[in-house]
Amino acid sequence: MDRCNKLVDVGRRQFLRGGAFAAAGMATAVALPLQAQAKAAPGLALVEYPSNKLANVADLKPNEPLDVSYPDENAPGVLLKLGTKVEGGAGPEGDIVGFSTICPHKGFPLNYNADDHSFNCPGHYSRFDADAGGQQIWGQSTANLPQYALRIDAKGDIYAEGVDELLYGRLSNVL
Ligand code: FES
């Protein structure tokens, strides 16, 4: 029976050693993904936008959309001089804005209503407020209208340098 007790004792030590290895392995497994995440994180949010000249302030007429495209020729949009300082507005009066004109719901082209400064969708009737950064004010869309980040230089040239929402139908605004 002495032999039998030794075998039980050896078995117990093996079990405890195995448990220690398993615990060490779990600690490593938990630590590794954190290291991997720390390295991967900066790439996820990084989108390089082109700085494209869209027009000059002299080209704009008050409350009349000027057709442009940004960030490429397949992304139609407009520039607008609204006449009063608004959210995201550029220029000396803070009243120049730019928006995509593709509905974020299912991609219908939007119409601009100069009376209430809204973009309106003929598809399922969503509406977006140009005075409030393209905020969705009614309808099927669950996203706001993508607005351009604008910069105006000393000569009055208007540059788009980013978009604040994902353009309809794209996995990334800049492919
Ligand atoms: Fe504009 Fe549906 S496509 S509301």
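Residues numbered from 1 in each chain as written. Predicted model: local features only at pLDDT ≥ 70, side-chain atom pairs only at ≥ 80, totals over all residues. Heavy atoms only, no water.

Attention shifts here to the overall build of the chain. Counting secondary structure elements, the chain contains one helix and 10 strands. Helices and strands in the chain line up, N terminus first, as α-β-β-β-β-β-β-β-β-β-β. Out of the 175 residues belonging to the chain, those deemed buried represent 34%. Contacts spanning at least 24 positions in sequence make up 42% of the contacts within the chain whose residues lie at least 6 apart. Element-wise, carbon and sulfur atoms account for 57% of the exposed surface of the chain, whose accessible area totals about 10900 Å². (Helix = DSSP H or I, 4+ residues; strand = E, 2+ residues; numbered from the N terminus. Buried < 20%, exposed > 50% of the residue type's maximum accessible area, 1.4 Å probe, protein only. Contact = heavy atoms within 4.5 Å. Areas by Shrake-Rupley, 256 points an atom, 1.4 Å probe, with all protein chains shown as cover.)

Before going further, it helps to spend a moment on the sheet that holds strand E1 (residues 52-56). Where strands meet in a sheet, backbone hydrogen bonds hold them as pairs that are either parallel or antiparallel. On the basis of which strands lie adjacent, the open sheet formed by three strands has the order E1-E10-E9 and antiparallel pairing. The open sheet terminates on both sides in strands that have one partner only, identified here as E1 and strand E9 (148-152). With direction set aside, neighbouring strand axes in the sheet form an average angle of 35 degrees. Pairing geometry for E1 and strand E10 (residues 157-163), over four bridges, is antiparallel. Following the sheet pairing, Lys 53 is matched in E10 by Tyr 159. (Pairing = 2+ DSSP bridges. Axes fitted to C-alpha atoms, helices over the stretch in contact; angles between N-to-C directions.)

Per-residue pLDDT for the chain has a mean of 84; in total, 74% of the residues score no lower than 70. The low-confidence segment residues 19-30 (pLDDT under 50) makes zero contacts with residues lying over four places distant or belonging to another chain. (pLDDT = per-residue confidence, 0-100.)

The grouping of Tyr 125, Ile 137 and Trp 138 at the surface amounts to a nonpolar patch, some 370 Å² of accessible area in total. Within the element layout of this structure, Ile 137 appears in strand E8 (residues 135-138). Here Ile 137 falls in the partly exposed class, since its relative accessible area comes to 41%. (Patch = residues over 30% accessible without salt bridge, like charges linked within 9 Å, V, L, I, M, F, W, Y side chains within 5 Å. Salt bridge = Lys/Arg side-chain N within 4 Å of Asp/Glu carboxyl O.)

The next thing to look at is the pairing of strand E2 (residues 66-69). In the sheet, E2 pairs with strand E3 (residues 76-81) via four bridges, with the strands oriented antiparallel. Bridging across to E3, Ser 69 finds its partner in Pro 76. Two successive antiparallel strands, E2 and E3, enclose a turn made up of six residues.

With that settled, the discussion passes to unusual backbone geometry. The step from Tyr 70 to Pro 71 runs through a cis peptide bond, and the omega angle for that step is 5 degrees. Among the secondary structure elements, Pro 71 is positioned in the loop between E2 and E3. In this structure, Asn 63 takes a positive phi of about 60 degrees despite not being glycine. Note on placement: Asn 63 falls in the loop between E1 and E2. Within the chain, His 117 stands out as a residue other than glycine whose phi angle is a positive 55 degrees. With respect to the helices and strands, His 117 occurs in the loop between strand E5 (111-113) and strand E6 (118-120). Since its relative accessible area comes to 13%, His 117 is described here as buried.

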